[in-house]
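Working through the structure, step by step
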Amino acid sequence: EKHGCFGTENHGSRPGRQCIDALLEKLLIYEFARLSRTSLITVDNDAKSCYDRIIRTLAMVACMSIGLPIAAAMMHNRTHQKMKHYIKSRHGLFRPYMGTEGDELEGTGQGSGASPAIWLILSVSLLAAFQHFSPGMTLVSPFDPLLVLSVLAIFYVDDGMPGVNDATDDSPRPLEELLQEAEEKAQSWERLLFASGGALEFSKCFAYVLY
């Protein structure tokens, strides 16, 4: 946070930021589209089993890219690799299981204290790649046309909202063109998530079209 490594898109798992901050930002973007009578398409998505699908080696590379020492990254992954897991039920404890060489258990664990920070850093890396596929949403001040704000996406942990709009275009864009661009951007994010070990929970994904 001190060195500005996390960007502005993801509000989750960070000091001084709350879910209500992401919600307010989303609300203001919708209000801007409504008041300016411009088109906006947003695609809300949710990552499936977020922490459990993280590829640890890839995640540690992302962490090292912003300064984590390699010794700490190796310690984290080796600890996970040697950790024994137990399943407890009303019938008692089941035989423990653990990863083996050649059959590693991926994921950083839902109960791990490191998982929120690791996902935040990994999502920052994914969003840095995503900006090459999407210009995001642009908002222009009604009082100063030179004051333009670009919003790539709005995330809270693994719940995200990329989108497209035409607020800075000279004329309204055809709906078909906006829909095609929104579809391409949504698929680009899904492919990035898939390449990093993740997946979308489609039952929690939806889109809004304001035209």
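Right above here is the structure, for reference.
The structure reproduced in this document is the subject of the present report.

1. Some remarks on the overall build of the chain
- Looking only at helices and strands, one finds five helices and eight strands in the chain.
- Overall, the chain shows an N-to-C arrangement of helices and strands of α-β-α-α-β-β-α-β-β-β-β-α-β.
- With respect to the three principal axes, the spread of C-alpha positions in the chain is 65 × 40 × 30 Å.
- Residues classed as buried in the chain amount to 40% of the 211 residues present.
- Across the chain, the fraction of contacts at a sequence separation of at least 24, relative to all contacts at a separation of at least 6, is 69%.
- Split by element, the accessible area of the chain, about 12700 Å² in all, is 60% carbon and sulfur.
- Across the chain, the mean location of the 19 positive side-chain charges is 12 Å away from that of the 25 negative side-chain charges.

2. Some details on unusual backbone geometry
- If you check the backbone angles, Arg-37 has positive phi at about 55 degrees while not being a glycine.
- Position of Arg-37 relative to the elements: it lies in the loop between α1 (19-36) and β1 (40-46).
- Positive phi, normally seen in glycine, also occurs at Val-157, with a value near 55 degrees.
- With respect to the secondary-structure elements, Val-157 resides in the loop between β6 (153-156) and β7 (159-165).
- Owing to a relative accessible area of 16%, Val-157 belongs among the buried residues under this scheme.

3. Focus on the environment of Gly-109
- Within the element layout of this structure, Gly-109 appears in the loop between β3 (92-93) and α4 (115-130).
- Take Gly-109: its relative accessible area is 23%, and that puts it in the partly exposed class.
- Each C-alpha atom of the pair Gly-109 and Asp-52 lies 5.5 Å from the other, and the pair is 57 residues apart in sequence.
- Apart from residues lying up to four places away in sequence, Gly-109 is in contact with Tyr-51, Asp-52 and Ser-115.

4. Regarding the packing of aromatic side chains
- Tallying each qualifying case throughout the model produces four aromatic pairs.
- Residues Tyr-30 and Tyr-208 carry aromatic rings whose centres are separated by 5.9 Å and whose planes lie at 85 degrees to one another, so their mutual orientation is edge-to-face. Of this pair, Tyr-30 sits in helix α1 while Tyr-208 sits in strand β8 (residues 206-210), and the two are 178 residues apart along the sequence.
- By relative accessible area, which is 17% here, Tyr-30 ends up buried.
- Joined through ring pairs, the aromatic side chains of Tyr-30, Phe-206 and Tyr-208 make up one cluster.
- In this structure, Arg-191 is placed above the aromatic ring of Phe-194, and the distance from its NZ or CZ to the ring centre is 4.6 Å.

5. A closer look at the environment of Ile-66
- Within the fold, Ile-66 resides in the loop between α2 (56-65) and α3 (70-82).
- Residues Ile-66 and Leu-193 lie 127 residues apart in sequence; the distance between their C-alpha atoms is 20 Å.

6. With respect to a negative patch on the surface
- On the surface, Glu-101, Asp-103, Glu-104 and Glu-106 cluster together into a patch of negative charge.
- Looking at the element boundaries, Asp-103 is found in the loop between β3 and α4.
- The class of Asp-103 is exposed, set by a relative accessible area of 52%.

Thresholds, definitions, all that
- Residues numbered from 1 in each chain as written.
- Predicted model: local features only at pLDDT ≥ 70, side-chain atom pairs only at ≥ 80, totals over all residues.
- Heavy atoms only, no water.
- Helix = DSSP H or I, 4+ residues; strand = E, 2+ residues; numbered from the N terminus.
- Buried < 20%, exposed > 50% of the residue type's maximum accessible area, 1.4 Å probe, protein only.
- Contact = heavy atoms within 4.5 Å.
- Areas by Shrake-Rupley, 256 points an atom, 1.4 Å probe, with all protein chains shown as cover.
- Lys, Arg positive; Asp, Glu negative; His and termini not counted.
- Charge placed at Lys NZ, Arg CZ, Asp CG, Glu CD.
- Phe/Tyr/Trp six-rings, centres within 6.5 Å; stacked < 30°, edge-to-face > 60°.
- Lys NZ or Arg CZ within 6 Å of the ring centre and 35° of its normal.
- Patch = residues over 30% accessible without salt bridge, like charges linked within 9 Å, V, L, I, M, F, W, Y side chains within 5 Å.
- Salt bridge = Lys/Arg side-chain N within 4 Å of Asp/Glu carboxyl O.

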